[in-house]
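If you want the building blocks of each chain, they are given just below.
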Amino acid sequence: MMVAIGLLFAVLIAACEGPAPDSSNAPDPSSTPAPNPDAAVVEEQVVGGQAADAEPAPDSSQGLASPTASLRFEQVDVWGLDDDLPAFDAPNHIDIGSDGNVYVTEFRGNRVFKLSPRGELLAQWGGPGDGPGQLNAPTGIAVDGDGFVYVAESGASRIQKFTGEGEFVTAWGEPGGEPGQFLSAMGIDISADGRVYVADFGNGRVQVFSVDGDLLFTFGSPGMAPGQFLRPIGLDLDGAGNVYVVDSVNARVQTFTPDGELIAVFDIGMRTPQVISVLPDGRFYVSDPQDRRIGFYDVNGKRLALLPAAIPYRLPHGTVTGPDGAVYLADTGNNVVRVFREVGE
């Protein structure tokens, strides 16, 4: 298991052409997720992202509807190309606070950036390491209603909690397969009532904690049947607290109630989906880094649009939508954050 995760990390470094962070255990959130080495035979039975012998899903959608002609996006800004910001080093996941400020994890540089909606640097923290406040291949990031920032570390297999200015508050988790442990913590989000949901990449499950790190419950297990996961990466909540998980090797998005009961399974028509961003009404964006595209889907998993395909993305990852409708994208391989807006015909 740890060998496979190390190989994934090596692929990211080759793709981004630079020095690696100080860990060989971090998975590659920017490359095609490796199949479960403990289930290689089972994986060969997958047909179109679904298990050949899996029981029918509660709901399923092919996600291949033609993009709506009137729904288009245009790029309006790019952050990281001038001297106003420190150069990004593999920006990865991204979230936005209730004040509209944008938070970005930096996978290879092991930092967190806090930026204004116009891209002005407000704060940064982190640095390589496994100590409190240091970061080891950070991936998922989420801001709660009180302004605290939670960072999931794929390298250290833990969660760290910070103030909005980057002061360390607490941390929990360690490598392993027991309850409360992770084999690379990835996507993360916080519900309005203070539940912290984390995609546990290597263990094929979602773990749910209090804001202080107390384990509340888990759901999911490794596999290809509805409600199971192979390498869950992206995770986000809608306005009702329902949980959306990118089941990367199974090439699908699954949705759950806040208590972990399966609602729907969407085949979204992507080969290597990884990161998801959900709007309060249940529409969502999903990135496919290897195929260099970002899809926008309705509540039934039908694709409505793609972010502009003519842009030379390199390993596009996390997206988030601001209160004014702007869509922010972490373009990992190009070391920039792109800003889009929806436009009419």
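Predicted model, so just to flag it, every value in this text is computed and none were measured.

(A) Just the overall build of the chain, in detail. Within the chain one finds two helices and 27 strands. Put simply, the chain has 345 residues, and 61% of those count as buried. Excluding contacts between residues fewer than 6 apart, the proportion of contacts in the chain whose partners are at least 24 apart in sequence is 49%. Summed over its atoms, the accessible surface of the chain is roughly 12,800 Å², and 49% of this surface lies on carbon and sulfur atoms.

(B) Spotlight on the pattern of salt bridges. A complete count under the given rule lists 13 salt bridges for this structure. The residue Glu106 makes a salt bridge to Arg111 at a minimum N-O spacing of 2.6 Å. Of the two residues examined, Glu106 and Arg111, each falls in the buried class. The salt bridge involving Asp288 is made with Arg293; its shortest N-O contact spans 3.9 Å. Overall, the relative accessible area of 0% leaves Asp288 in the buried class.

(C) Just the environment of Asp212, in detail. Looking at where Asp212 falls in the secondary structure, it is placed in the loop between strand 15 (205-209) and strand 16 (215-219). Judged by relative accessible area, Asp212 falls into the exposed class, the value being 55%.

(D) Structural detail: the side chain of Thr139. As for its position among the elements, Thr139 is in strand 9 (residues 138-143). Looking at Thr139, the relative accessible area reads 0%, which means it is buried. Within the local environment of Thr139, its side chain forms a polar contact with the backbone oxygen of Ala185, the two atoms lying 3.2 Å apart.

(E) Seen up close, the packing of aromatic side chains. Here the structure, examined in full by the defined rule, presents 15 aromatic pairs. The interplanar angle of 90 degrees and the centroid separation of 5.9 Å between the aromatic rings of Phe73 and Phe296 together place this pair among those described as edge-to-face. Here the residue Phe73 occupies a position in strand 4 (residues 72-79), and Phe296 occupies one in strand 23 (residues 293-297), the gap between them amounting to 223 residues. Accessibility classification places Phe73 together with Phe296 in one group, the buried group. Taking the centre distance of 5.6 Å and the plane angle of 45 degrees together, the rings of Trp125 and Phe162 count as tilted. Pair noted here: Trp125 is in strand 8 (residues 121-126) and Phe162 is in strand 11 (residues 158-162), with a separation of 37 residues, a long-range link. You can call Phe162 buried: its relative accessible area is 0%.

(F) Region of the structure containing the confidence of the model for the chain. In this model, the chain carries a mean pLDDT of 83, and residues with pLDDT of at least 70 account for 79%. Counted against residues more than four places away or in other chains, residues 1-25, with its pLDDT under 50, gives 63 contacts. Below a pLDDT of 50 lies the segment residues 29-70, which in the model reaches 105 contacts outside its immediate sequence neighbourhood of four places, other chains included.

(G) View of the sheet that holds strand 14 (residues 196-200). The strand order across the open sheet built from four strands is 13-14-15-16, with neighbouring strands paired in antiparallel fashion. Looking at which strands have only one partner, the edges of the open sheet turn out to be strand 13 (185-190) and strand 16. When the angles between neighbouring strand axes are averaged without regard to direction, this sheet yields 20 degrees. Direction of pairing for strand 13 relative to strand 14: antiparallel, over a ladder of four bridges. What sits directly across from Ile188, in strand 14, is Val198.

(H) Up close: the pairing of strand 10 (residues 149-153). For strand 10, the tally of buried residues reaches five of five residues, placing the bulk of the element in the interior. Residues Val149, Val151 and Glu153 point to one face of strand 10 and Tyr150 and Ala152 to the other, with burial holding for every one of them. Examined bridge by bridge, strand 9 and strand 10 share four bridges and lie antiparallel to one another. Its bridge partner lying in strand 10, Ala142 is registered against Tyr150. Two successive antiparallel strands, strand 9 and strand 10, enclose a turn made up of five residues, where Gly147 displays a positive phi of approximately 90 degrees.

(I) Structural context of the sheet that holds strand 10. Spatial ordering of the open sheet is given by 9-10-11-12, a layout of four strands whose pairing is antiparallel. Each edge of the open sheet carries a strand with a single partner, namely strand 9 and strand 12 (168-172). Across the sheet, the mean angle from the axis of one strand to that of its neighbour is 20 degrees, orientation sign disregarded. Sheet topology places strand 11 next to strand 12; four bridges connect them, and they run antiparallel.

(J) View of the environment of Asp200. Topologically, Asp200 is positioned in strand 14. With a relative accessible area of 0%, Asp200 lands in the buried category. Here the alpha-carbon distance between Asp200 and Ser184, two residues 16 residues apart in the chain, equals 6.2 Å. In contact with Asp200, not counting residues within four places along its chain, are Gln181, Phe182, Leu183, Ser184, Arg205, Gln207 and Pro232. A distance of 2.7 Å separates the side chain of Asp200 from the side chain of Arg205, its partner in a polar contact.

(K) Structural context of a negative patch on the surface. A cluster of acidic residues, Asp77, Asp82, Asp83 and Asp84, forms a negative patch at the surface. Take Asp83: it is sitting in the loop between strand 4 and strand 5 (91-96). Residue Asp83 is classed as exposed on the basis of its relative accessible area of 78%.

Cut-offs used in this document
- Residues numbered from 1 in each chain as written.
- Predicted model: local features only at pLDDT ≥ 70, side-chain atom pairs only at ≥ 80, totals over all residues.
- Heavy atoms only, no water.
- Helix = DSSP H or I, 4+ residues; strand = E, 2+ residues; numbered from the N terminus.
- Buried < 20%, exposed > 50% of the residue type's maximum accessible area, 1.4 Å probe, protein only.
- Contact = heavy atoms within 4.5 Å.
- Areas by Shrake-Rupley, 256 points an atom, 1.4 Å probe, with all protein chains shown as cover.
- Salt bridge = Lys/Arg side-chain N within 4 Å of Asp/Glu carboxyl O.
- Polar contact = N/O pair within 3.5 Å; in protein donor to acceptor, adjacent residues only side chain to side chain.
- Phe/Tyr/Trp six-rings, centres within 6.5 Å; stacked < 30°, edge-to-face > 60°.
- pLDDT = per-residue confidence, 0-100.
- Pairing = 2+ DSSP bridges.
- Axes fitted to C-alpha atoms, helices over the stretch in contact; angles between N-to-C directions.
- Patch = residues over 30% accessible without salt bridge, like charges linked within 9 Å, V, L, I, M, F, W, Y side chains within 5 Å.
- Lys, Arg positive; Asp, Glu negative; His and termini not counted.
- Charge placed at Lys NZ, Arg CZ, Asp CG, Glu CD.

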